[in-house]
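# Architecture and fold: a report
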Amino acid sequence: MKKLLLTASAVALMAGTWLAPAQAEYLQEHRGGTMRLLARSAAGTLDPHINYTSQGWQMYQPIYDGLVTFRKAEGMDGFTVVADLAEAMPDISNDGKTFTFKLRKGIKFSTGQEVGVKDVVASFQRIFKVSGPTSGTFYAGIVGADKCLADTKSCTLEGGVVGDEAAGTITINLTKPDAEFLYKLALPHAATLPADTPAEDAGSVPIPSTGPYMISAFDPNKGMTVSRNPHFKQWSEEAQPDGYPDVVQYDFGLSEEAAVTAIQNGEADWMFDSLPSDRLAEVGTKYTEQLHIAPLSAWWYAPLNTRLAPFDNVKARQAVAFAIDRNALVKLFGGKVLASPVCQILPPDFPGHVDYCPYTKDPGAKWSAPDVEKAKQLVDESGTKGQKVTVIVEDTAVSRSIGVYLQSVLTSIGYVADVKPISANIQFTYIQNTNNKVQMSVTQWYKDYPAASNFLNILFGCASFREGSDASINIAGFCDKDIDAKMQKALDLGVTDQKAADVLWSEIDKQVTDQAPAIGLFTPKRLDFVSKRLGNFKFNRQFDWMITQSWVQ
């Protein structure tokens, strides 16, 4: 408990002493223009309470706000939580179970309607009404959440989220202390939307927003237009700074190869997708001043469905883990400068990470080489030899190449394998839904916030699995009751002793890795290739490149 209160106070103190960047002096000089971004496809639904992609979350930063947010700053400072729609960081009472926020006055949605307490309260209810993908994990500790999860449409969060219009306050009561609760409130899934926003997935319909920008047009097959919110007035530069471009035009549909060429020719300013490996040498030698490389807390991985054959057999899963050559995958991604081999869940720079690699030629701390003979032995022992396996990947250049490689690996150890690329716009939701009976897939996970639970509990906790849902982020369907109980113990311990909790998380990391519900492939770095005219590139460790903090004038 003491730790939780101290953490909140420290965050507030840091917010008060932070030195703002010299944005004001550049705003007039560089304000204006249209920035053009490219992606192979859209990021799925526009709904911030549902969209669970790094592409979507990156774009939402200058558009939506919650009570608190991650500081719009470079590097590790971007992991700091600061007040946003709230006037200040919350008062925390009741032994860490009650958070009281005072709402700022005068902030308006892009419709001109002023943001009120009722909007905040309704937004928390809506998280459950739309069955948001994190409603059963991030926000399940709010009083009344159990009833909302059982009957989403009638959700009121009675006693859990209490608004006082006269006082301008919102009080959130938890069933027990949660050391990570402020992180969870700082994410787009807790964005404040107008109270009358329909309680259903907004899909392709933009929802009014509070930030300096709003989504003014969207076609999932063509692109998104983001323009200035005419009712925005900057209230906190560290939470929601004004932006430079008047318009951000985000076009979809070009291949990665065509996107690179467009940036080279000055026809576009940035591309979301990874650069194709066959263009890296050219870009790396001719356009070094237009490249930005940054570390990520992320991994590329291959979920194995623990509820479908052949991967309902742990030996079959371990066989795949032994057979995959991580160095080969690193090369497919662009080489050692852009990625590193991994074979455990937690990324290298995360709390709780201790080097661990049981599935390699010489098991120990680091990955060395594949052990195909061991893999074949395990396939024989599992009795699954000769079974069919389909690998579902995104239809991007890198994912397709990884899928083809995995197909060859599966074939080499005794399976009848094929690979099926589908649009990146729908692949992530498709592989989550058990109705699609996906055996194996390739996807990525970028941390939501800097805590071990965000990888282990979210991706492999029992509560993260939902039968027949597009938002079942536990793609492997993994649920080990003993490990799950240990995760809850680590979460509770983090409230009072985070260091001890991290030791426990390292044990959990090993146990989940041993069960191989997913195969770690590599941990990537972010390579951003920008146009020659784009200036003021700033990278935030929480949400990557801060798009509207760059200028094109």
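Now for a look at the structure at hand. (Residues numbered from 1 in each chain as written. Predicted model: local features only at pLDDT ≥ 70, side-chain atom pairs only at ≥ 80, totals over all residues. Heavy atoms only, no water.)

The subject of this paragraph is the overall build of the protein chain. In terms of regular secondary structure, the protein chain is built from 16 helices and 21 strands. A compact globule built from 553 residues should have a C-alpha radius of gyration of about 24 Å, and the protein chain, at 23 Å, falls within 12% of that. Oriented by its inertia axes, the alpha-carbon framework of the protein chain measures out at about 70 × 55 × 40 Å. Looking at the protein chain as a whole, 60% of its 553 residues are labelled buried. Total accessible area computed for the protein chain in this model is approximately 20800 Å², and 52% of it derives from carbon and sulfur atoms. One way to put it: in the protein chain the 52 positive side-chain charges average out to a point 2 Å from where the 62 negative ones average out. (Helix = DSSP H or I, 4+ residues; strand = E, 2+ residues; numbered from the N terminus. Rg over C-alpha atoms; globule rule 2.2 N^0.38 Å. Buried < 20%, exposed > 50% of the residue type's maximum accessible area, 1.4 Å probe, protein only. Areas by Shrake-Rupley, 256 points an atom, 1.4 Å probe, with all protein chains shown as cover. Lys, Arg positive; Asp, Glu negative; His and termini not counted. Charge placed at Lys NZ, Arg CZ, Asp CG, Glu CD.)

All right, on to the sheet that holds strand β7 (residues 169-173) then. Spatially, β4-β5-β7-β6 is the arrangement adopted by the four strands of the open sheet, whose pairing is antiparallel. The two strands at the open ends of the sheet, each matched to only one other strand, are β4 (91-93) and β6 (161-164). The sheet shows a mean angle of 20° between the axes of neighbouring strands, direction not considered. Sheet analysis places β4 next to strand β5 (residues 98-102), joined by three bridges and oriented antiparallel. Residue I92 lies in a different strand from β5, and its bridge partner there is F99. Those strands touched by helix α4 (residues 117-129) are β6 and β7, and its axis lies near 170° from that of β6. (Pairing = 2+ DSSP bridges. Axes fitted to C-alpha atoms, helices over the stretch in contact; angles between N-to-C directions. Contact = heavy atoms within 4.5 Å.)

Among the five residues that make up β7, five are buried, leaving the element largely enclosed by the rest of the structure. Judged by which residues are buried, β7 turns out to be covered on both faces: T169, T171 and N173 on one side and I170 and I172 on the other are all buried. Where β5 and β7 come together, five bridges link them in antiparallel fashion. The partner of T100 across the bridge, within β7, is T171. Pairing of β6 with β7 involves four bridges; the strand directions are antiparallel.

Omega for the bond connecting A309 with P310 falls within 30 degrees of zero, at 0°, which places this linkage in the cis form. With respect to the helices and strands, P310 occurs in the loop between β13 (298-303) and α9 (314-323). Positioned with a positive phi, L157 is a non-glycine residue whose angle comes to about 50°. On the basis of relative accessible area, L157 is assigned to the buried category, the value being 1%. Despite not being glycine, K437 has its phi angle at roughly 50°, a positive value.

Moving on, we get to the pattern of salt bridges. Per the stated rule, a full pass over the model turns up 18 salt bridges. The shortest N-O distance in the salt bridge between R40 and E256 comes to 3.0 Å. Here the residue R40 occupies a position in the loop between β1 (34-39) and α3 (54-60), and E256 occupies one in helix α7 (residues 256-264), the gap between them amounting to 216 residues. The salt bridge involving K184 is made with D178; its shortest N-O contact spans 2.7 Å. Of the residues examined, K184 reaches a relative accessible area of 7% and is grouped as buried. (Salt bridge = Lys/Arg side-chain N within 4 Å of Asp/Glu carboxyl O.)

What is meant by a disulfide is a covalent connection between two cysteines, made through their sulfur atoms. Enumeration according to the criterion identifies three disulfides in this entry. Residue pairing for C148: its cysteine sulfur links by disulfide to C155, the two sulfurs lying 2.1 Å apart. Where C148 bonds to C155 through sulfur, the torsion about that S-S bond is close to 75°, and the disulfide is right-handed. For the pair shown, C148 and C155 are each scored as buried. A disulfide bridge connects C343 with C357, and the sulfur atoms are separated by 1.9 Å. Taken as a pair, C343 in the loop between β14 (339-341) and α11 (372-382) and C357 in the loop between β14 and α11 lie far apart in primary sequence, 14 residues in all. Of the two residues, C343 and C357, neither departs from the other in class, the shared state being buried. Ordering the disulfide-forming cysteines of the protein chain by sequence position, one finds them joined as 1-2, 3-4, 5-6. (Disulfide = S-S within 2.5 Å.)

Between helix α14 (residues 453-460) and helix α16 (residues 498-515), the least distance of the axes is 10 Å, while the angle of their chain directions is 45°. In terms of orientation, α14 lies oblique with respect to α16. Along this stretch, α14 crosses α16, giving a crossing that reads as left-handed. Packed against α14, whose contacting residues are S453, L456, N457 and F460, the element α16 presents W505, I508, D509 and V512 at the interface. Here the residues of the contact of α14 with α16 are counted per class, giving five nonpolar, two polar and one charged. (Parallel < 35°, antiparallel > 145°, perpendicular 65-115°, else oblique. Left-handed = near helix turned anticlockwise from the far one by under 90°. Nonpolar A, V, L, I, M, F, W, Y, C, P; charged D, E, K, R; others polar.)

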